[in-house]
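Topology and contacts: notes
Chain residues, written in single-letter form:
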Amino acid sequence: MTHTTEQRIRMKAYEIWLREGCPEGSDRRHWEMARKFIVGDEAKSALTARFYDVHEINEAEQAEAKAAAPARKKTGKH
């Protein structure tokens, strides 16, 4: 776990603790809830980034293929 991830978990756990009315003795539960949320959020972000990277690569490949294809002559027939 990176330092930044741990900070995000800490902040989320604190937010959960505040939202639940600052109960005593719930720190581990709040930490685990926050960890699942943050790790899931990071995984979703990584998947989204990969999707857009692949999508952009596919668009670039299509544009290259279209540019490399010979132009069709218009024959006037439909």
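What counts, and at which threshold
- Residues numbered from 1 in each chain as written.
- Predicted model: local features only at pLDDT ≥ 70, side-chain atom pairs only at ≥ 80, totals over all residues.
- Heavy atoms only, no water.
- Helix = DSSP H or I, 4+ residues; strand = E, 2+ residues; numbered from the N terminus.
- Buried < 20%, exposed > 50% of the residue type's maximum accessible area, 1.4 Å probe, protein only.
- Areas by Shrake-Rupley, 256 points an atom, 1.4 Å probe, with all protein chains shown as cover.
- Polar contact = N/O pair within 3.5 Å; in protein donor to acceptor, adjacent residues only side chain to side chain.
- Phe/Tyr/Trp six-rings, centres within 6.5 Å; stacked < 30°, edge-to-face > 60°.
- Salt bridge = Lys/Arg side-chain N within 4 Å of Asp/Glu carboxyl O.
- Core = buried A, V, L, I, M, F, W, Y, C linked by side-chain atoms within 4.5 Å.
- Contact = heavy atoms within 4.5 Å.

**Let's talk about the overall build of the protein chain**
Of the regular secondary structure elements, the protein chain holds two helices and zero strands. Counting across all 78 residues of the protein chain, residues that qualify as buried make up 12%. Put simply, the protein chain shows about 7000 Å² of open surface, and 57% of that area lies on carbon and sulfur atoms.

**Comments concerning the side chain of H30**
On the secondary structure map, H30 appears in helix α2 (residues 27-68). Among the polar contacts made by the side chain of H30, one reaches the side chain of E20 at a distance of 2.7 Å.

**A short note on the packing of aromatic side chains**
The full count for this structure, using the stated rule, is one aromatic pair. Measuring from ring centre to ring centre gives 5.7 Å for Y14 and W17, while their planes differ by 35°; the resulting arrangement is tilted. Note that Y14 and W17 are positioned in helix α1 (residues 3-19) at a spacing of three residues, about one turn of the helix. You can call Y14 partly exposed: its relative accessible area is 48%.

**Some points on the environment of F37**
The topology assignment puts F37 in helix α2. Residue classification places F37 among the partly exposed residues on the basis of a relative accessible area of 45%. Separated by 24 residues in sequence, F37 and A13 place their C-alpha atoms 9.7 Å apart.

**Section: the pattern of salt bridges**
Applying the stated rule across the entire model yields five salt bridges. The salt bridge involving R29 is made with E20; its shortest N-O contact spans 2.6 Å. Classification of R29 as partly exposed rests on a relative accessible area of 41%. The partner of E32 in a salt bridge is R35, with the nearest N and O atoms 2.6 Å apart. Within this pair, E32 and its partner R35 are both found in helix α2, separated by three residues, close to a single helical turn. Residue E32 is classed as partly exposed on the basis of its relative accessible area of 30%. For R35, a relative accessible area of 28% translates into the label partly exposed.

**Regarding the nonpolar core**
Grouped together as the largest cluster of nonpolar side chains are five residues: I9, A13, I16, A34 and I38. Breaking this core down by element, the ones donating at least two residues are α1 and α2. Among the elements that make up this core, the one with the highest residue count is α1 (three residues). The contact partners of I16, leaving out residues within four places of it in the chain, are H30, M33 and A34.

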